[in-house]
Amino acid sequence: MQIAKHFIAAALGLVLAAAAHAEKTELVVYTALETDQLKAYQEAFNKVHPDIAIKWVRDSTGVITAKLLAEKANPQADAIWGVAASSLALFDKSGMLEPYAPLNLDALMPQYRDKKATPAWWGMDVFGAVVCFNTVEAKKKNIALPTTWKDLLKPEFKGQVVMPNPASSGTGYFDVAAWLQLWGDDNGKGGGWKYMDALHENIAQYTHSGSKPCNMAAAGEFVAGISFEYRGYTNKAKGAPIELVFPKEGLGWDLEGFAVYKGTKKLDAAKKLADWASSKDAMILYGKNFAITAQPGVAPKLAHIPADYEARLIKMDFDQSATGRERVLAEWTRRYDTKSEAKK
């Protein structure tokens with residue numbers, strides 16, 4: 001009799017566990033967040049909403065952007081969390097986003113969100129340009145610390161610079177967009193393209209990841225890696241012999257942002273994720289990785305990031321970045337793609 005009771009109790013427990021599991025809503029979330037950030041964000045969200053499971057689809061910004069555009073007629077995503085605002089603006093123009101004002105919208109700085117009253121997307125944190133400069137390798141090669149973008153054109157940098165491919169990487173794209181804004185586009189004839197022509201002469205490789213150039217510089221493979229401040233900050237914190245250079249002419253940047261995908265069959269759960277992802281608790285987590293969050297006064301000062309970092313960011317127009325993206329990437333690929341690393 002006792003054995004039978006135990007058996008019934010165990011069976012009942014399995015049924016209840018299965019029922020609890022079955023009640024979980026699974027959200028398919030497309031992201032370009034760094035893999036070392038996903039776990040912390042997901043765990044914090046699940047403490048508040050244990051009934052919502054996240055299934056991540058993760059790749060670099062360019063790949064995720066292309067994937068979402070390709071799936072437009074047959075959407076797979078429920079939400080987009082941690083993808084560049086320049087890409088989100090493009091999705092918005094393509095009618096792919098469900099406008100939603102999260103609970104914490106009023107706490108977000110207006111320059112870091114879609115301008116519409118009910119925004120199609122809003123920002124989480126800023127990621128901006130940095131040059132990771134390996135001081136040990138530079139000393140061996142007698143290369144001085146650069147302070148400007150144009151310093152990277154000096155003959156001693158030949159074969160010693162790596163940067164992300166803008167077609168694959170959001171970091172690469174905001175660099176290109178910033179240089180074109182700083183020095184001119186003129187449909188391929190402006191000073192921004194002349195700068196990239198000269199830089200191309202010194203480039204060893206264009207990578208398909210925004211982190212990789214800084215990782216390569218940190219490992220001593222090359223002297224200078226054009227990357228973004230999160231990866232520079234984390235590599236330096238681990239003891240890599242690098243200096244973080246924030247070029248004086250101004251820094252390209254983008255926002256990691258959030259959007260609900262139009263047509264999701266799990267709209268309520270996606271809105272709950274949006275509400276949490278815009279909360280102060282979420283912003284505190286973003287602030288552990290980035291110097292600027294969309295809610296002001298949340299991010300602590302990060303080591304080796306200058307106090308005037310935000311003032312160094314150039315004025316970026318995300319709608320303009322979205323509108324010109326196809327043309328700019330086609331021109332960039334035609335000119336420079338021969339030095340891109342092989343795709344896996």
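For the structure, check the block above.
Residues numbered from 1 in each chain as written. Predicted model: local features only at pLDDT ≥ 70, side-chain atom pairs only at ≥ 80, totals over all residues. Heavy atoms only, no water.

**Student:** What is the right way to look at the nonpolar core in this model?
**Tutor:** Among soluble globular proteins, nonpolar side chains are generally buried collectively. Trp-81 and Trp-121 are the most contacted members of the largest nonpolar core, which totals 110 residues. Considering every element that reaches this core, the biggest residue donor is strand 5 (residues 122-134), with 9 residues. (Core = buried A, V, L, I, M, F, W, Y, C linked by side-chain atoms within 4.5 Å. Buried < 20%, exposed > 50% of the residue type's maximum accessible area, 1.4 Å probe, protein only. Helix = DSSP H or I, 4+ residues; strand = E, 2+ residues; numbered from the N terminus.)

**Student:** Got a minute to help me understand the state of the cysteines in this structure?
**Tutor:** Each disulfide is one covalent bond, formed between the sulfur atoms of two cysteines. Evaluation of the coordinates by the stated rule reveals 1 disulfide. Covalently, Cys-132 is tied to Cys-214 through a disulfide, its sulfur atoms 2.2 Å apart. Across the disulfide from Cys-132 to Cys-214, rotation about the S-S bond amounts to roughly -90°, and the bridge is consequently left-handed. In this pair, Cys-132 sits in strand 5 while Cys-214 sits in helix 8 (residues 212-218), placing the two residues 82 residues apart along the sequence. In terms of burial, Cys-132 and Cys-214 fall into one category: buried. (Disulfide = S-S within 2.5 Å.)

**Student:** Help me understand the side chain of Asp-125, please; the structure alone is not making it clear to me.
**Tutor:** As for its placement among the helices and strands, Asp-125 is situated in strand 5. In this structure, Asp-125 is buried with no salt-bridge partner, the nearest side chain bearing the opposite charge being Arg-231 at 12 Å. (Lys, Arg positive; Asp, Glu negative; His and termini not counted. Salt bridge = Lys/Arg side-chain N within 4 Å of Asp/Glu carboxyl O.)

**Student:** Hey, could you run me through the environment of Gly-190 in this one?
**Tutor:** Here Gly-190 is to be found in the loop between helix 6 (170-183) and helix 7 (191-202). What makes Gly-190 buried here is its relative accessible area of 8%. Along the backbone, Gly-190 and Pro-241 are 51 residues apart, and their C-alpha atoms lie at a distance of 36 Å.

**Student:** Just to check I follow, could you spell out the packing of aromatic side chains for this structure?
**Tutor:** Each aromatic ring pair is summarised here by two numbers: the centre-to-centre distance and the angle between the ring planes. Taken as a whole and judged by the stated rule, the model has 22 aromatic pairs. Ring geometry for Phe-45 versus Trp-276: centroids 6.0 Å apart, planes at 65°, classification edge-to-face. Placement of Phe-45 in helix 2 (residues 35-48) and of Trp-276 in helix 10 (residues 267-277) is noted, with a sequence separation of 231 residues between them. Of the two residues, Phe-45 and Trp-276, neither departs from the other in class, the shared state being buried. Pairing Trp-81 with Phe-258 gives two aromatic rings, centres 6.4 Å apart and planes at 65°, and the pair type is edge-to-face. Note that Trp-81 is positioned in strand 3 (residues 79-84) and Phe-258 in strand 10 (residues 253-261), a separation of 177 residues in sequence. Taking the relative accessible area as the measure of exposure, Trp-81 reaches 0% and is therefore buried. Three or more aromatic residues joined by ring pairs form one cluster here, namely Tyr-41, Phe-45, Trp-56, Trp-81, Trp-122, Phe-258, Trp-276 and Tyr-286. One cation-aromatic arrangement involves Arg-325 over Tyr-173; the distance from NZ or CZ to the ring centre is 5.0 Å. (Phe/Tyr/Trp six-rings, centres within 6.5 Å; stacked < 30°, edge-to-face > 60°. Lys NZ or Arg CZ within 6 Å of the ring centre and 35° of its normal.)

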